[in-house]
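Working through the structure, step by step
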There are 2 protein chains.
Amino acid sequence: MRVELLATGDEILSGAVTDTNSPYLLERLFTLGLRVQRTTLVGDVRGDIEDALVSAAARADVVVVSGGLGPTADDLTVECVARVLGVRVVEDAGVLAALQERMSKGVVRTANNLRQALVPEGAEVVKNPVGSAPMLVATRGHCTFFVLPGVPREFRQLVDGEVVPRLQARLNAEPGRLFHAARLLKTVGMPESHLDAAVAPITQRFPEVIFGFRALAPECHLKLLATAPSQVEADERLARVESECRAALGSAVFGHDGDTLASVVGGLLSARGHTVTLAESCTGGRGADLLCEVPGASRYFLGSAVSYANALKEEWVGVKADTLARVGAVSAEVAAEMAEGARARTGATWGASVTGIAGPGGGSDEKPVGTVFFGLSGPAGVRTEKRFFHGDRERIRQSSAYTLLDGVRRALLGEKS
Amino acid sequence: MRVELLATGDEILSGAVTDTNSPYLLERLFTLGLRVQRTTLVGDVRGDIEDALVSAAARADVVVVSGGLGPTADDLTVECVARVLGVRVVEDAGVLAALQERMSKGVVRTANNLRQALVPEGAEVVKNPVGSAPMLVATRGHCTFFVLPGVPREFRQLVDGEVVPRLQARLNAEPGRLFHAARLLKTVGMPESHLDAAVAPITQRFPEVIFGFRALAPECHLKLLATAPSQVEADERLARVESECRAALGSAVFGHDGDTLASVVGGLLSARGHTVTLAESCTGGRGADLLCEVPGASRYFLGSAVSYANALKEEWVGVKADTLARVGAVSAEVAAEMAEGARARTGATWGASVTGIAGPGGGSDEKPVGTVFFGLSGPAGVRTEKRFFHGDRERIRQSSAYTLLDGVRRALLGEKS
């Protein structure tokens, strides 16, 4: 099955917006064992869209088209698909009713939103669970077009809920097909080169398994794709490789596939009936923000004292003025007092703290930019750790927030350091 | 001048690596006033690369090709370009000497690196200041190929040092060339359809200005690109359109171009010598995180009491237990007490609070998911606002955090609501 992607939008071609939809879909298709032959980006230009649709349809069995389904005049995709199919544009009663309902609730408000009820005649119209524009499915010769809105949230929902299952079903129906089994192992705090070196001996013993590495600092992911003539064999092969990789990587692996570091920490806290309070300085609330991404985080997350100013470290988590004056806010002592105060003042099982220098200013010879102290207070007492992170302000803050959460994870797993 | 980009590499099409080169180049070209018509990504497949080269050359005056110049067997770009040009591949003495020097220094180590001395016969060979593979410039008909290595650091150096200056020179030499002036206006809290409707009358009076809309909920951006026979006229035209758009959009425009909502709020606070403390519930620290993205935020940002648990709303910002029991945490009264407590306890000029229901659970008929209360305490007293946001947990939290910051911005501008 030959697959191509076509993304449309002036905002992508002007560099104003980066196309994140295509990488997302490429990754999802990879786990199906599908290779994409080509990805094309064109602007909101009728001729360019139509030309790209025609030539993609001539080469591919499936073309996933995204963008240009909005309500404004530069949203041309429906029109272009209809012209390429040689059909009229018609109003879809179902989409119209859904739009009118959204208008009555105030979700969409202007009459030009009703343009989104227009579809190529004869196209299958698939409801968008999180937005106004439906997904459209249409065929030209041997080629199927899946036409999706470009809004990343809507695009991803429709890819996961509709495109991937439909392509999987087509693959299942192919004679002589190969079967695939994929696993994404997620690590934190391990550079790509270390991860690569750690699993290198395993790659040599499983030449039929594809190993892919992806650095998303401070996370690094290892993708395993096993291929075999039957699903049972592919699953078995994957299970063997995964088990060896997990043994080689140890507790650096925090989770797999859909797990996030926050969801794993939350699961561990929930399972034990524990709670956590944070005290954050250089991360500026990002640790709390990560934990709160998980629905139901209020079961185990009490709060975070984002105490950027030193006075708030005293006011909210009881850091001593004397300690601040003596060793400075970026120190193991202050990290320890922040963690202890966060725990004691809020009655949490765990208090976790972070204080450091995110830069670009504020560094010194003794404490350069990237110096970060962590504190963790729990049933067995308090401990601190000093770390050094490379990179710019954003990178240091991100690494610090992940390390903060990872410290809680490792403590819950009973690790000493 | 019609420009296209062609990026090659299996790692891009498998989703293992995201193509960051194309967005970089797209943005650089946009500022030259150059519109890119199409970007194509293909894998390391001879037929696909050659086909893409031929069709791009047929459409475009300039094609920037990246990737596939490495030393390994799947690096096919030189071969494919030579075939498309109808020339042989020859060894370039200059590149060979440079490679041998790098080998003698241990920078490149294997004999197959010498493959990188092969170039299409007749192509201009441009030294790569930071890597082994040279940039190649060749023409087919009216089309010029710029062929660059895919390593992002090398790609960017060659784009900035060679491609952009060469294209600028060509633009300057064009008879009757047009000049461009661009502005990005950024709004918050205004759906794309409202923005579109608000400026629609202006678009009709300036048909020679391109209006582009980009929804990045809860922000929405308006890009203006004015074109004229001279730079002075383009600038004047842009200034007129911008001024009319600003008048039509009012204070919904929080900034332009490189501004972020956090940098604008920070700038306003700094200019007045004011400080702010947040008290966040449903946003879980995202308001603080946004403010802290700006270097030097410690000048005006004191901290945030991320009080997810009700007990912490009492402990950190002095919300009364009685108020919580009487009206619940998601209420105007609690928002007001959070804002007042945040201000009073920390001595900030402003205390800003948010408490709401981010979902997916926790909603009721009276207070459905998406109900959010904001409080703002300042020199003139405290006020609250109730808002309702659509979408999932992430969307509601994001909208709430931006609205929290925007409330501070509007207060600093002296607005009443």
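The structure this text deals with has already been given above.
1. Quick word on the overall build of chain A
In terms of helices and strands, chain A carries 14 helices and 17 strands. Dimensions along the principal axes, computed over C-alpha positions, put chain A at roughly 80 × 55 × 40 Å. Counting over 417 residues, chain A shows a buried share of 55%. Here the contacts in chain A between residues at least 6 apart in sequence split such that 67% fall between residues at least 24 apart. By element, 53% of the accessible surface of chain A is carried by carbon and sulfur atoms, the whole surface being about 16200 Å².

2. As for the interface of chain B and chain A
Contact with chain B, which involves 71 residues of that partner, is made by 72 residues of chain A. The contact between chain B and chain A buries some 5500 Å² in all, and 52% of this surface belongs to carbon and sulfur atoms. Arg 38 of chain A is the partner of Asp 51 of chain B in a salt bridge, and the nearest nitrogen-oxygen pair spans 2.7 Å. Viewed at the interface, chain A and chain B are joined by 21 residue pairs in polar contact (both at pLDDT 80 or more). Here 5 bridges tie strand E2 (residues 36–42) of chain A to strand E2 (residues 36–42) of chain B, and the two strands are oriented antiparallel to one another. Note on E2 of chain B: the bridge partner recorded for Thr 40 of chain A is Thr 40 of chain B.

3. What to know about helix H13 (residues 332–346) of chain A
At 3.6 residues per turn, the α-helix brings residues three or four places apart onto the same side. All names here are of chain A. Given a rise of 1.5 Å per residue, 15 residues ought to cover 21 Å, and the 21 Å separating the end C-alpha atoms of H13 matches this to within 8%. Those residues of H13 that sit buried are Val 334, Ala 335, Ala 336, Glu 337, Met 338, Ala 339, Gly 341, Ala 342 and Thr 346. Following H13 by one or two positions, Gly 347 has its phi on the positive side, about 70°.

4. Digging into the sheet that holds strand E6 (residues 124–126) of chain B
Either a parallel or an antiparallel arrangement is found when strands of a sheet pair, and the pairing is made through backbone hydrogen bonds. Strand order in the open sheet formed by 12 strands is E6(A)-E7(A)-E8(A)-E3(A)-E1(A)-E2(A)-E2(B)-E1(B)-E3(B)-E8(B)-E7(B)-E6(B), and the pairing between neighbours is mixed. The open sheet has two edge strands, strand E6 (124–126) of chain A together with E6 of chain B, and neither has a second partner. With direction set aside, neighbouring strand axes in the sheet form an average angle of 20°. Taken together, the 5 bridges between strand E7 (residues 135–140) of chain A and strand E8 (residues 143–148) of chain A define a ladder with antiparallel strand orientation. Among the inter-strand pairings, Thr 139 of chain A is bridged to a residue of E8 of chain A, identified as Thr 144 of chain A. Contacts between helix H6 (residues 152–173) of chain A and the sheet are confined to strand E3 (62–66), E6, E7 and E8 of chain A, with E8 of chain A contributing the most and set at about 165° to the helix.

5. Some remarks on the pairing of strand E10 (residues 209–216) of chain B
All names here are of chain B. Strand direction decides the pairing type here: E10 and strand E11 (residues 219–228), joined by 8 bridges, are antiparallel. Paired with Leu 216 across the two strands is Glu 219, which belongs to E11. Here E10 folds back onto E11 in antiparallel fashion, the turn holding 2 residues.

6. Some remarks on the layout of surface pockets
For the second largest pocket, the calculated volume is near 2100 Å³. Looking at the lining of the second largest pocket residue by residue, the class counts come to 15 nonpolar, 10 polar and 22 charged.

7. Re the environment of Gly 255 of chain A
Residues and elements named next belong to chain A. For Gly 255, the location among the structural elements is in strand E12 (residues 253–256). Residue classification places Gly 255 among the buried residues on the basis of a relative accessible area of 5%. Spatially, the C-alpha atoms of Gly 255 and Leu 184 are 8.6 Å apart, while their sequence positions differ by 71 residues. Excluding anything up to four places from it in sequence, Gly 255 contacts Leu 184, Leu 185, Lys 186 and Val 264.

8. So, the pattern of salt bridges
Side-chain pairing between opposite charges can occur once the charged atoms of the two side chains come close. The final tally for this structure, using the stated rule, is 56 salt bridges over all chains. One salt bridge in this structure joins Glu 244 of chain B and Arg 205 of chain B, with 2.8 Å as the shortest N-O distance. Residue Glu 244 of chain B is found in helix H8 (residues 231–249), and its partner Arg 205 of chain B is found in helix H7 (residues 192–205); the two are separated by 39 residues along the sequence. Within this structure, Arg 286, Glu 394 and Arg 397 of chain A together with Asp 289 and Glu 293 of chain B form a network of salt bridges that share partners.

9. A few points about the environment of Pro 149 of chain A
Residue and element names in this part refer to chain A. Its location among the elements puts Pro 149 in the loop between E8 and H6. Taking relative accessible area as the criterion, Pro 149 reaches 3% and is therefore assigned buried. Along the chain, Pro 149 and Asn 128 lie 21 residues apart, while their C-alpha atoms are 8.9 Å from each other.

10. Things to note about empty space enclosed by the protein
Taken as a whole and judged by the stated rule, the model has 2 cavities of 30 Å³ or more. In this structure, the largest cavity encloses a volume near 160 Å³. Around the largest cavity sit 17 residues that line it, and Asp 19, Pro 23 and Leu 41 of chain A together with Asp 19 and Leu 41 of chain B are the ones nearest its centre. Broken down by secondary-structure element, the contributors of at least two residues to the lining of the largest cavity are helix H2 (21–31) and E2 of chain A together with helix H2 (21–31) of chain B. Classifying every residue of the lining of the largest cavity gives 10 nonpolar, 5 polar and 2 charged. Put simply, the second largest cavity is a space of about 40 Å³. Lining the second largest cavity, in full, are Leu 5, Leu 6, Ala 7, Asn 21, Ser 22, Leu 25, Val 64, Ser 66 and Phe 155 of chain A. Those elements that provide at least two residues to the lining of the second largest cavity are strand E1 (3–8), H2 and E3 of chain A. Residue classes in the lining of the second largest cavity are distributed as 6 nonpolar, 3 polar and no charged.

11. Brief notes about the environment of Arg 246 of chain A
Residue and element names in this part refer to chain A. Turning to its location among the elements, Arg 246 is positioned in helix H8 (residues 231–249). When the C-alpha atoms of Arg 246 and Leu 185 are compared, they prove to be 8.3 Å apart, with 61 residues separating the residues in sequence. When residues no more than four places from it in sequence are discounted, the contact partners of Arg 246 are Leu 185, Val 253 and His 256.

12. Some words on the packing of aromatic side chains
Tallied over the entire structure, the rule returns 5 aromatic pairs over all chains. Centroid distance Trp 316 of chain A to Trp 316 of chain B: 6.3 Å. Interplanar angle 40°. Geometry classified as tilted. Separated into two different chains, Trp 316 of chain A in helix H11 (residues 310–317) and Trp 316 of chain B in helix H11 (residues 310–317) make up a pair that spans both. For the pair Trp 316 of chain A and Trp 316 of chain B, a shared accessibility class is recorded, and that class is buried. Between Phe 374 of chain B and Phe 389 of chain B, the ring centres sit 6.2 Å apart and the planes meet at 85°, which makes this aromatic pair edge-to-face. In this pair, Phe 374 of chain B sits in strand E16 (residues 371–378) while Phe 389 of chain B sits in the loop between strand E17 (381–388) and helix H14 (393–412), placing the two residues 15 residues apart along the sequence. Grouping residues by exposure puts Phe 374 of chain B and Phe 389 of chain B together as buried. For the cation-ring pair, Arg 177 of chain A lies above Phe 179 of chain A, with the distance from its terminal atom to the ring centre recorded as 3.8 Å.

13. Examining the packing of helix H9 (residues 261–272) of chain B against H14 of chain B
All names here are of chain B. Contact geometry of H9 with H14 gives a least axis separation of 10 Å together with a crossing angle of 35°. For the pair H9 and H14, the crossing hand works out as left-handed. Of H14, the residues touching H9 (which contributes Leu 261, Ala 262, Val 264, Val 265, Leu 268, Leu 269 and Arg 272) are Tyr 402, Leu 405, Asp 406, Val 408, Arg 409 and Leu 412. The residue makeup of the contact of H9 with H14, split by class, is 10 nonpolar, no polar and 3 charged.

14. Quick look at the side chain of Arg 237 of chain B
All names here are of chain B. For Arg 237, the position within the fold is in helix H8. Of note is the side chain of Arg 237, whose polar atom sits 2.7 Å from the backbone oxygen of Thr 227. Leaving out residues up to four positions away in the same chain, Arg 237 has contacts with Glu 208, Val 209, Ala 226, Thr 227 and Ala 228.

15. What about the sheet that holds strand E12 (residues 253–256) of chain B?
Residue and element names in this part refer to chain B. Strand order across the open sheet formed by 4 strands is E10-E11-E9-E12, with antiparallel pairing between neighbours. The two strands at the open ends of the sheet, each matched to only one other strand, are E10 and E12. Within this sheet the neighbouring strands show an average axis-to-axis angle of 25°, counted without direction.

Conventions adopted
- Residues numbered from 1 in each chain as written.
- Chains lettered and ligands numbered in written order.
- Predicted model: local features only at pLDDT ≥ 70, side-chain atom pairs only at ≥ 80, totals over all residues.
- Heavy atoms only, no water.
- Helix = DSSP H or I, 4+ residues; strand = E, 2+ residues; numbered from the N terminus.
- Buried < 20%, exposed > 50% of the residue type's maximum accessible area, 1.4 Å probe, protein only.
- Contact = heavy atoms within 4.5 Å.
- Areas by Shrake-Rupley, 256 points an atom, 1.4 Å probe, with all protein chains shown as cover.
- Buried area = accessible area lost by both parts, 1.4 Å probe.
- Salt bridge = Lys/Arg side-chain N within 4 Å of Asp/Glu carboxyl O.
- Polar contact = N/O pair within 3.5 Å; in protein donor to acceptor, adjacent residues only side chain to side chain.
- Pairing = 2+ DSSP bridges.
- Expected span 1.5 Å × (residues − 1).
- Axes fitted to C-alpha atoms, helices over the stretch in contact; angles between N-to-C directions.
- 1 Å grid on protein atoms, 1.4 Å probe; cavity = no way out; pocket = protein on both sides within 12 Å on 5 of 7 lines; lining within 4 Å.
- Points joined across faces, edges and corners; volume = space filled by probe spheres on them.
- Nonpolar A, V, L, I, M, F, W, Y, C, P; charged D, E, K, R; others polar.
- Phe/Tyr/Trp six-rings, centres within 6.5 Å; stacked < 30°, edge-to-face > 60°.
- Lys NZ or Arg CZ within 6 Å of the ring centre and 35° of its normal.
- Left-handed = near helix turned anticlockwise from the far one by under 90°.

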